[in-house]
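Next come the chains, spelled out residue by residue.
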Amino acid sequence: MHKQPAAADRPSPSDDTRPEIIAAVDLGSNSFHMIVGELRHGQLAIIDRIRETVRLAEGLSSRGDLSAAARKRALDCLSRFGERLREIHANRVRAAGTSTIRRAKEDSGFMAEAETLLGHPIEIVSGIEEARLVYSGVTQSLPPTEGMRLVSDIGGGSTEIILGQGASPRALESLHMGCVSMTERFFPDGDISSSGFRKARMAARLELRPVKAFFRDARDIDVIGTSGTIRSTVAVAQALGLAETGITLDVAEALIREVKSFGNTRELSLKGLSERRAQVWPGGLAILAEILSTLRIEEMRVSDGALREGLLYDLLGRLQHEDARERTVRAMASRYQVDKEQAQRVAETATTLHAQCADAWGLQRDLSQNMLEWSSRLHEIGLDISHDGYQRHGAYIAEHADMPGFPRAEQRFLAALIGGQRHKIDMSRVDAMPRSWRSSALRLLVILRLAVLLNRSRKADAQPPITFRVSDDSIEIGFESEWLAANPLTIADLEREQELLLAVGYKLTVI
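So, here is what we can say about the structure in this document. (Residues numbered from 1 in each chain as written. Predicted model: local features only at pLDDT ≥ 70, side-chain atom pairs only at ≥ 80, totals over all residues. Heavy atoms only, no water.)

### Digging into the overall build of the chain
A tally of regular secondary structure across the chain gives 21 helices and 13 strands. For the chain, whose C-alpha radius of gyration is 26 Å, the value lies close to the compact-globule estimate of 24 Å for 511 residues. Across its three principal axes, the chain shows a C-alpha extent of roughly 85 × 50 × 45 Å. A burial count over the chain gives 55% of its 511 residues as buried. (Helix = DSSP H or I, 4+ residues; strand = E, 2+ residues; numbered from the N terminus. Rg over C-alpha atoms; globule rule 2.2 N^0.38 Å. Buried < 20%, exposed > 50% of the residue type's maximum accessible area, 1.4 Å probe, protein only.)

### Looking at the packing of helix α13 (residues 324-335) against helix α15 (residues 366-378)
Running from N to C, α13 and α15 cross one another at 15°; their axes reach a closest spacing of 10 Å. Here α13 lies roughly parallel to α15, going by the angle between them. Along this stretch, α13 crosses α15, giving a crossing that reads as right-handed. Within the contact between the two elements, α13 uses Arg325, Glu326, Val329, Arg330, Met332 and Ala333 and α15 uses Leu367, Asn370, Trp374, Arg377 and Leu378. Classifying every residue of the contact of α13 with α15 by side-chain character gives six nonpolar, one polar and four charged. (Axes fitted to C-alpha atoms, helices over the stretch in contact; angles between N-to-C directions. Parallel < 35°, antiparallel > 145°, perpendicular 65-115°, else oblique. Left-handed = near helix turned anticlockwise from the far one by under 90°. Contact = heavy atoms within 4.5 Å. Nonpolar A, V, L, I, M, F, W, Y, C, P; charged D, E, K, R; others polar.)

### Some words on the packing of aromatic side chains
Scanning all chains against the criterion turns up six aromatic pairs. Between Phe413 and Trp437, the ring centres sit 5.4 Å apart and the planes meet at 40°, which makes this aromatic pair tilted. Separated by 24 residues along the polypeptide, Phe413 in helix α17 (residues 408-419) and Trp437 in the loop between α18 (427-431) and α19 (438-453) bring together distant segments of the chain. Centre to centre, the rings of Phe479 and Trp483 are 4.7 Å apart; their planes meet at 25°, and the pair counts as stacked. Of the two residues, Phe479 and Trp483, neither departs from the other in class, the shared state being buried. Each residue in the set Trp361, Phe468 and Tyr506 is aromatic and connected to the rest through ring pairs, giving one cluster. (Phe/Tyr/Trp six-rings, centres within 6.5 Å; stacked < 30°, edge-to-face > 60°.)

### Overview of α17
Under the 1.5 Å per step criterion, the end-to-end length of α17 is 16 Å for twelve residues, consistent within 8% with the ideal 16 Å. The buried count for α17 comes to ten of twelve residues, which makes it a mostly enclosed element. Every buried residue of α17 is listed here: Ala409, Glu410, Gln411, Phe413, Leu414, Ala415, Ala416, Leu417, Ile418 and Gly419. Among the structural elements, α13, α15, α16 (390-400), α18 and α19 are those in contact with the buried residues of α17. (Expected span 1.5 Å × (residues − 1).)

### A few points about the sheet that holds strand β10 (residues 301-303)
If you trace the five strands from one edge of the open sheet to the other, you get β8-β7-β6-β9-β10, paired in mixed fashion. At either end of the open sheet lies a strand with only one pairing partner, and these are β8 (168-175) and β10. Averaged over all pairs of adjacent strands, the angle between strand axes in this sheet comes to 25°, irrespective of strand direction. Pairing between strand β6 (residues 148-154) and strand β7 (residues 159-165): seven bridges, direction antiparallel. Across the sheet, the residue bridging to Val151 is Ile162, located in β7. (Pairing = 2+ DSSP bridges.)

### Here's the deal with the pattern of salt bridges
Taken as a whole and assessed by the stated rule, the structure comprises 35 salt bridges. In this structure, Arg205 engages Glu290 in a salt bridge whose closest nitrogen and oxygen atoms are separated by 2.9 Å. Of this pair, Arg205 sits in helix α6 (residues 194-208) while Glu290 sits in helix α11 (residues 281-294), and the two are 85 residues apart along the sequence. On the basis of relative accessible area, Glu290 is assigned to the buried category, the value being 1%. A salt bridge links Arg456 to Asp493, with the shortest nitrogen-to-oxygen separation between them at 3.0 Å. In this pair, Arg456 sits in the loop between α19 and β11 (467-470) while Asp493 sits in helix α21 (residues 488-502), placing the two residues 37 residues apart along the sequence. Salt bridges linked by common partners bring Arg94, Glu123, Glu129, Arg132 and Asp314 together as one network. (Salt bridge = Lys/Arg side-chain N within 4 Å of Asp/Glu carboxyl O.)

### Digging into α19
Between its terminal C-alpha atoms α19 stretches 22 Å, which fits the 22 Å expected from 16 residues at 1.5 Å a residue. The buried fraction of α19 amounts to 14 of the 16 residues, a majority that puts the element mostly inside the structure.

### Quick notes on the sheet that holds β11
Read from one edge of the open sheet, three strands run β11-β12-β13, paired in mixed fashion. In this open sheet, the two strands that pair with only one neighbour each are β11 and β13 (507-510). Looking at each pair of strands side by side, their axes are set apart by 15° on average, direction ignored. Summarising the sheet, strand β12 (residues 474-478) and β13 pair through four bridges and their orientation is parallel. Bridging from a neighbouring strand, Ile475 pairs with Leu508 of β13. In the packing of helix α14 (residues 340-361) onto the sheet, the strands contacted are β11 and β12, and the crossing angle to β11 comes to about 15°. Sitting on the sheet, α21 is in contact with β12 and β13, with an inclination near 160° to β13.

### Some words on the pairing of strand β1 (residues 20-27)
Taking burial as the measure, the eight residues of β1 include seven buried ones, the bulk of the element. Note: β1 against strand β2 (residues 31-40), eight bridges, orientation antiparallel. Across the sheet, residue Ile22 finds its bridge partner in β2, namely Gly37. Two successive antiparallel strands, β1 and β2, enclose a turn made up of three residues. The pairing of β1 with strand β4 (residues 92-97) spans six bridges and is parallel. Residue pairing across strands places Ala23 opposite Val93, the latter belonging to β4.

### So, the pairing of β4
With five of six residues buried, β4 is to be regarded as a mostly interior element. Note that β4 and strand β5 (residues 122-124) share three bridges and pair parallel. Looking across to β5, one finds that Ala96 is bridged to Glu123.

### Here we look at the side chain of Arg377
Residue placement: Arg377 occurs in helix α15. Accessibility expressed as a relative area gives 15% for Arg377, which makes it buried. Side-chain polar atoms of Arg377 contact the side chain of Glu326, separated by 2.8 Å. Once residues within four sequence positions are removed from consideration, Arg377 is found in contact with Glu326, Val329, Arg330, Val338, Ala343 and Ala347. (Polar contact = N/O pair within 3.5 Å; in protein donor to acceptor, adjacent residues only side chain to side chain.)

Here it is, written out as structure tokens:
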């Protein structure tokens, strides 16, 4: 997310009666997926699905560079996705990059070009957030239940395992192994061997060992697998008459024996297995066999729901004011024993200032308003660790904690605001953000700093009327003369703030 993406076409005023179209784009390590839904009377109907194999992980070097061929495949695909989104006038789109994009160099320019072609921002989600979205996609695609579920998703570059109850995930793991990476590592040049399978399964077993205790002891559990590797495995097992519905360890072992009868993935041909999937199937099959074995799974059923559905329903939740990020903010404030009354005072002051400068400073977007409110409510999470430098502790928590619903870039945004709320402004945090966000982030930081400063007394007294006028490089804040006379410490704080803001290019005047 390195520059402002091109905006998707906006419906004309005459199109107001059109149903709302929303879409989700999953930039996976092996395939890119797009799913499109239409809101009809508050219900979501899926109207289109597109999948293209791009083999992005195949083109990623150990240094994080993408090969020219992989880059071209990915950008060509996103160009087609973007064209389709413009044709159907998708109102809201959520796009997410997973394992391979997490590991790719952020300064390569790939993301900027990808966003421009797609016409929408692309989030880089963490492995834990990916796991949460996978679980959401699966639960939305199956009948509701209050029982326990174990969900597995073997992707191209990572494997997600989630234990949940009903619609709520309880334990989430993202492991650094996927069908593409394992096939490249243990089946070089596509050569299939018993030794390759033995080594691949041992590597998978070692990845699973640290987390197996969280998942293996659950009882009366519904086990669900999703995405390409697992769905292809079930399809092949059914075509060969090895299974009717799900997959067991015995079936997986039988399929491994079948695969070993071929010398190379170029020769691998089984009923139910596409040629594209065959190129990366051995590594994925080794992972699946070890999941079934290590976690002592009797049978795994398959679901059509996956990350892309999770993205779509998460977006729908945001539109219907059920934002997972809001739940995360509430939970974090409680966990770190935030003084809710003080947080609310700061949030109210920040909202007052924002309302008077949003147009002049270009802060009208939902993201700007949300970030300001959330950072206000969480600005004191670091106090639970230490009062000395609590803003630094809070920034570290915001950037590195598992925060369901928040992409990595948004967590950095929060960290920059929380970490810069007082004392000298560290511009390195702002400069580390996507280029298109930096100006807004600094201006939101100025608002938060003033809101925190004006509430240092921690008094429940009503705030006096505040006037707040801004330009590109100047700020004018005004109070009633009686209030100024009665609050000399606040005036002293504002005088110090004038020096600190001047260092980052803003002249503050108090009237």
